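Listed below are the residues making up each chain.
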Amino acid sequence: QFKAPRIKLVSNLKGKIFESSEIPDARYYRDHLRSAVRFSEGIEALSKEGCELFLELGPQAHLSGMGRKCLASTKISWIWSLKKDSEDKKSLLEAAGKLYLGGLSPDWKKLNQASSFTYVTLPTY
């Protein structure tokens, strides 16, 4: 069932944020596959909304490189979750660390749930 987004969502077909009454449906996604994408305009729309941290979720970091070319601001951080020729877990933890440095609070316990890390108490001096 298609529903209205709960967060602001950019339409790459229009290059702007969806109106609150718009619901991306099957026709939208079909058109997205068959039509020109306004990626640059979508990135600019997010920048105008005050976004300064972009996280790319996917197997490679192609869109982050394209996004960098769309916006020349040095205030913007481009983070990717996975990177070709890099261990997935390492890339994901690096992305979480960068998100933390950017002011967000990842759920570290969930991130490390499947890992075999040992927690130790460090000296307080």
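Before reading on, note that the structure itself is shown above.
Reading guide: rules and limits
- Here, residues in each chain are numbered from 1, in the same order as that chain's written sequence.
- Where local features are concerned, this predicted model is filtered to residues with pLDDT of at least 70; where side-chain atom pairs are given and counted, the filter is 80 or more; whole-chain, interface and lining totals use all residues.
- Side-chain descriptors were evaluated using all non-hydrogen atoms of the structure, hydrogens and water having been removed beforehand.
- Helix numbering and strand numbering both begin at the N terminus, where a helix is a DSSP run of H or I of at least 4 residues and a strand a DSSP run of E of at least 2.
- Using C-alpha atoms as the atom set, the radius of gyration is obtained and then compared with a globule rule of 2.2 Å times the number of residues to the power 0.38.
- In this scheme, a residue with accessible area under 20% of its type's maximum is buried, one over 50% is exposed, and one in between is partly exposed, where area comes from a 1.4 Å probe on protein chains only.
- In this analysis, strands are considered paired if DSSP registers two or more bridges between them.
- Orient the strands so they point away from the viewer; a crossover is then right-handed if the path from the first strand over the helix to the second runs clockwise.
- Every helix has an expected span of 1.5 Å times one less than the residues it contains.
- Our arc is simply the arc of the directions from the helix axis toward the C-beta atoms.
- Contacts were defined at the residue level, with two residues in contact if any of their heavy atoms lie within 4.5 Å.
- Patches in this entry comprise residues that are over 30% relatively accessible and not in a salt bridge; like charges within 9 Å are linked, as are nonpolar side chains (Val, Leu, Ile, Met, Phe, Trp, Tyr) within 5 Å.
- Areas reported as accessible are Shrake-Rupley estimates using a 1.4 Å probe. Residue values count occlusion only from the protein chains shown.
- When a carboxyl oxygen of Asp or Glu lies within 4 Å of a side-chain nitrogen of Lys or Arg, that pair is called a salt bridge.
- Within this scheme a cavity is a closed region of a 1 Å grid, computed over the protein atoms alone, that accommodates a 1.4 Å probe without allowing it to escape, whereas a pocket is open but has protein on both sides within 12 Å along at least five of seven lines; lining residues each have an atom within 4 Å of a point.
- Grid points are joined across faces, edges and corners, and a volume is the space filled by probe spheres set on the points.
- Here a polar contact is taken to be a pair of N or O atoms separated by no more than 3.5 Å, where protein atoms must pair a possible hydrogen donor with a possible acceptor and residues adjacent in sequence count only if both atoms sit in side chains.
- In summary, the pairing rule links any two rings of Phe, Tyr or Trp, Trp by its six-membered ring, whose centres are within 6.5 Å, and it sorts them by plane angle into stacked for under 30 degrees, edge-to-face for over 60 and tilted for everything else.
- Lysine and arginine charges are scored as sitting over a ring when NZ or CZ, respectively, is within 6 Å of the ring centre and within 35 degrees of the ring normal.

### Side note on the overall build of the protein
Along the protein, the regular secondary structure elements total five helices and four strands. Scaling as 2.2 N^0.38, a compact globule of 125 residues should have a C-alpha radius of gyration of about 14 Å, whereas the protein reaches 18 Å, well beyond that. Principal-axis analysis of the C-alpha atoms gives the protein an extent of 55 × 40 × 30 Å. When the 125 residues of the protein are sorted by exposure, 25% land in the buried category.

### Observations regarding the pairing of strand β3 (residues 53-56)
Burial along β3 is one-sided: Phe54 and Glu56 are buried, while Leu53 and Leu55, pointing the other way, are not. Relative to strand β4 (residues 77-80), β3 runs parallel, the two sharing four bridges. The residue bridging Phe54 from the neighbouring strand is Trp78, located in β4. With respect to chirality, the unit in which β3 leads through helix α3 (residues 62-70) into the neighbouring parallel β4 is right-handed.

### So, helix α4 (residues 88-101)
The end-to-end C-alpha distance of α4, which contains 14 residues, comes to 20 Å, matching closely the 20 Å that a straight helix rising 1.5 Å per residue would cover. Within α4 the residues assigned to the buried category are Ser91, Ala95, Ala96 and Leu99. Viewed along the axis of α4, the buried residues span an arc of 135°, placing them on a single side of the element. Its buried side turned inward, α4 meets β3, β4 and α5 (108-111). Among the residues trailing α4, Gly103 stands out with phi positive, at a value near 105°.

### A few points about unusual backbone geometry
Positioned with a positive phi, Asp85 is a non-glycine residue whose angle comes to about 65°. Following the sequence through the fold, Asp85 ends up in the loop between β4 and α4.

### Some details on a nonpolar patch on the surface
Taken together, the side chains of Phe2, Ile23 and Tyr29 make up a nonpolar region of the molecular surface, amounting to roughly 310 Å² of accessible area. With respect to the secondary-structure elements, Tyr29 resides in helix α1 (residues 26-34). Here Tyr29 falls in the partly exposed class, since its relative accessible area comes to 42%.

### Here we look at the layout of surface pockets
Volume-wise, the largest pocket comes out at about 680 Å³. As for the largest pocket, its lining consists of 25 residues, and the residues nearest its centre are Val10, Ile43, Leu46, Phe54 and Leu55.

### Concerning the side chain of Ser81
If you trace the backbone, Ser81 turns up in the loop between β4 and α4. Within the structure, the side chain of Ser81 is placed 3.4 Å from the backbone nitrogen of Gly58, a separation counted as a polar contact. The residues touching Ser81, leaving out its near neighbours within four places in the chain, are Leu55, Glu56, Leu57, Gly58, Ser91, Leu92 and Ala95.

### Digging into the packing of aromatic side chains
On inspection of all chains with the given rule, the structure shows four aromatic pairs. Measuring from centroid to centroid gives 5.3 Å for Phe18 and Tyr28, while their planes differ by 65°, and the two rings are edge-to-face. Taken together, the residues span a long stretch of sequence, with Phe18 in the loop between β2 (16-17) and α1 and Tyr28 in helix α1 at a distance of ten residues. Residue Phe18 is classed as buried on the basis of its relative accessible area of 12%. Owing to a relative accessible area of 12%, Tyr28 belongs among the buried residues under this scheme. With centroids separated by 5.1 Å and ring planes inclined at 85°, the aromatic side chains of Tyr28 and Tyr29 adopt a geometry described as edge-to-face. An aromatic cluster is defined as three or more aromatic residues linked by ring pairs; in this entry it consists of Phe18, Tyr28 and Tyr29. Above the ring of Trp80, the side-chain terminus of Lys98 is found at 5.2 Å from the ring centroid.

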